[in-house]
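The primary structure of each chain is shown beneath.
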There are 2 protein chains.
Amino acid sequence: MVTALGLVPTERSAVEAAASGVVCCAPLSREPLGAEDAVVLARILKAIADPARLRLLSLVAAHEGGEACVCDLIEPLGLSQPTVSHHLKVLVEAGLLTRDKRGVWAYYALVPGGLDALAAVLR
Amino acid sequence: MVTALGLVPTERSAVEAAASGVVCCAPLSREPLGAEDAVVLARILKAIADPARLRLLSLVAAHEGGEACVCDLIEPLGLSQPTVSHHLKVLVEAGLLTRDKRGVWAYYALVPGGLDALAAVLR
């Protein structure tokens with residue numbers, strides 16, 4: 001991961017971008033997407049372009065309080081805990097989920113505005 | 001590609017789904033995404049999770065009349081014609097671009113409502 005200092009557009013932290021509510025760029029249909037913005041946007045889309053990760057996002061969002069631990073996600077997904085943890089890590093690194101370690105378990109929630117910002121770019 | 005007959009959810013034509021303005025499913029945050037819908041949605045997202053294809057969508061949308069031929073797209077993208085044609089084919093198969101052969105060239109346009117439908121699922 002890159003640090004807050006020394007960011008260049010192609011390496012900008014997706015977490016930072018999504019959490020700010022601005023994934024990277026203007027809506028695709030408004031103006032031609034620049035090469036560097038396209039790399040940033042493609043990286044975030046790759047993180048969600050997976051059936052298990054889409055279901056995880058949706059399960060976390062629909063869970064009571066908008067927050068879920070790995071222990072809540074294994075059974076509905078039907079995958080092993082290491083596999084679920086791997087997919088959750090990809091979503092955290094893409095700036096779409098937050099992770100909060102409390103006691104034995106880590107709890108995951110949607111980054112506020114993260115998916116909305118992504119949707120806004122596609123419109 | 002599958003035909004209009006004999007479709008099963010996991011093999012549903014993305015073209016048909018996007019063109020109908022309903023990519024596959026309810027917004028991710030409204031209810032848990034089913035396993036079969038997740039496969040359909042991931043396939044469409046994989047088609048756009050690529051810097052060159054994102055730029056192509058955006059170039060086509062921003063082009064005069066919302067339509068462009070391969071000949072308009074090679075120079076701004078800086079890729080060879082076979083490579084651009086390959087990426088365009090992926091976007092057509094994902095239901096995001098239409099292709100209209102007229103004379104020597106094929107002309108591409110956004111499928112109306114295709115990207116909007118995708119954005120609506122992410123919200």
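Everything quoted here is computed from the prediction, not taken from an experiment.

Student: Where do I start with the packing of aromatic side chains in this structure?
Tutor: Two aromatic rings, taken as a pair, are described by how far apart their centres are and by the angle between their planes. Applying the stated criterion across every chain yields a total of 0 aromatic pairs over all chains. Of note, Arg-102 of chain B hangs over the ring of Tyr-107 of chain B, and the distance from its end group to the ring centre comes to 4.3 Å.

Student: How should helix α2 (residues 35–48) of chain A be read in this particular structure?
Tutor: Along an α-helix, a turn takes 3.6 residues, which lines up residues three or four apart on a common side. The end-to-end C-alpha distance of α2 of chain A is 21 Å, a good match for the 20 Å that 14 residues give at a rise of 1.5 Å each. The set of residues buried in α2 of chain A consists of Ala-38, Val-40, Leu-41, Ala-42, Ile-44, Leu-45, Ala-47 and Ile-48 of chain A.

Student: Any chance you could explain the pattern of salt bridges here in plain terms?
Tutor: Two side chains that carry opposite charge are able to pair once their charged atoms sit near each other. Tallied over the entire structure, the rule returns 8 salt bridges over all chains. Linking Glu-93 of chain A and Lys-89 of chain A is a salt bridge whose minimum nitrogen-to-oxygen distance equals 3.3 Å. Of this pair, Glu-93 of chain A and Lys-89 of chain A both sit in helix α5 (residues 81–93), 4 residues apart, roughly one helical turn. Since its relative accessible area comes to 37%, Glu-93 of chain A is described here as partly exposed. By relative accessible area, Lys-89 of chain A is classed as exposed at 52%. We note a salt bridge from Asp-116 of chain A to Arg-123 of chain B, for which the minimum N-O separation is 3.7 Å. Of this pair, Asp-116 of chain A sits in helix α6 (residues 114–122) while Arg-123 of chain B sits in the segment after α6 (114–122), on two different chains.

Student: When you look at the interface of chain A and chain B in this model, what are you seeing that I'm missing?
Tutor: How big an interface is tends to be stated in terms of accessible area lost as the parts join. At the interface, 31 residues of chain A touch 31 residues of chain B. Both faces considered, chain A and chain B share a buried interface measuring about 2,600 Å² in area, 72% of it formed by carbon and sulfur atoms. In terms of surface lost to chain B, no three residues of chain A exceed Leu-54, Leu-122 and Arg-123 of chain A, which account for 22% of the buried area on that side. For the pair chain A and chain B, the number of links is 2 salt bridges. If you look at where chain A meets chain B, you find 8 residue pairs in polar contact (both at pLDDT 80 or more). Those elements that provide at least two residues to the side of chain A that touches chain B are α2, α3 (51–62) and α6 of chain A. Here the residues of the side of chain A that touches chain B sort into 22 nonpolar, 3 polar and 6 charged.

Student: Explain the state of the cysteines to me, please; I cannot follow it from the model alone.
Tutor: As used here, a disulfide is simply a covalent bond connecting the sulfur atoms of two cysteines. Residue and element names in this part refer to chain B. This model, assessed by the stated rule, comprises 2 disulfides over all chains. Note on cysteine connectivity: Cys-69 is disulfide-linked to Cys-71, with sulfurs 1.8 Å apart. Look at Cys-69 and you get buried, because its relative accessible area is 1%.

Student: What is the right way to look at the side chain of His-87 of chain A in this model?
Tutor: Residues and elements named next belong to chain A. Tracing the chain through its elements places His-87 in helix α5. The class of His-87 is buried, set by a relative accessible area of 10%. Excluding residues within four positions of it along the chain, His-87 makes contact with Asp-50, Ala-52, Arg-53, Leu-56 and Leu-79.

Student: Where do I start with the sheet that holds strand β1 (residues 67–69) of chain A in this structure?
Tutor: All names here are of chain A. What the 3 strands build is an open sheet, ordered β1-β3-β2; its pairing is antiparallel. Lying at the two open borders of the sheet, with one neighbouring strand each, are β1 and β2 (97–102). Strand-to-strand twist of the sheet, defined as the mean angle between neighbouring strand axes without regard to direction, takes the value 30°. With 6 bridges connecting them, β2 and strand β3 (residues 105–110) associate as antiparallel partners. Following the sheet pairing, Asp-100 is matched in β3 by Tyr-107. Of the strands in this sheet, β1 and β3 are in contact with helix α4 (residues 70–77), which crosses β1 at around 80°.

Student: Please explain the relation of the copies chain A and chain B as it appears in this structure.
Tutor: Between the two copies of this chain, the relationship is a rotation about some axis together with a displacement along it. Rotating chain A by 180° and moving it 0.0 Å along the rotation axis overlays it on chain B with an RMSD of 0.0 Å. Taken together, the turn and the small shift mark the pair as related by a two-fold rotation axis. For chain A, the smallest separation between a C-alpha atom and the rotation axis is recorded for Ala-119 of chain A, amounting to 2.1 Å. Here 100% of the contact residues of chain A are again contact residues in chain B; the copies associate through an equivalent surface.

Student: I would appreciate a short explanation of the environment of Ser-58 of chain B in the present structure.
Tutor: Assignment of secondary structure puts Ser-58 of chain B in helix α3 (residues 51–62). C-alpha separation for the pair Ser-58 of chain B and Leu-110 of chain B, spaced 52 residues apart in sequence, amounts to 9.2 Å. Dropping the residues within four chain positions of it, Ser-58 of chain B is found in contact with Leu-28, Glu-31, Pro-32 and Leu-33 of chain A.

About the thresholds
Residues numbered from 1 in each chain as written. Chains lettered and ligands numbered in written order. Predicted model: local features only at pLDDT ≥ 70, side-chain atom pairs only at ≥ 80, totals over all residues. Heavy atoms only, no water. Phe/Tyr/Trp six-rings, centres within 6.5 Å; stacked < 30°, edge-to-face > 60°. Lys NZ or Arg CZ within 6 Å of the ring centre and 35° of its normal. Helix = DSSP H or I, 4+ residues; strand = E, 2+ residues; numbered from the N terminus. Expected span 1.5 Å × (residues − 1). Buried < 20%, exposed > 50% of the residue type's maximum accessible area, 1.4 Å probe, protein only. Salt bridge = Lys/Arg side-chain N within 4 Å of Asp/Glu carboxyl O. Contact = heavy atoms within 4.5 Å. Buried area = accessible area lost by both parts, 1.4 Å probe. Polar contact = N/O pair within 3.5 Å; in protein donor to acceptor, adjacent residues only side chain to side chain. Nonpolar A, V, L, I, M, F, W, Y, C, P; charged D, E, K, R; others polar. Disulfide = S-S within 2.5 Å. Pairing = 2+ DSSP bridges. Axes fitted to C-alpha atoms, helices over the stretch in contact; angles between N-to-C directions. Least-squares fit on C-alpha atoms with pLDDT ≥ 70 in both.

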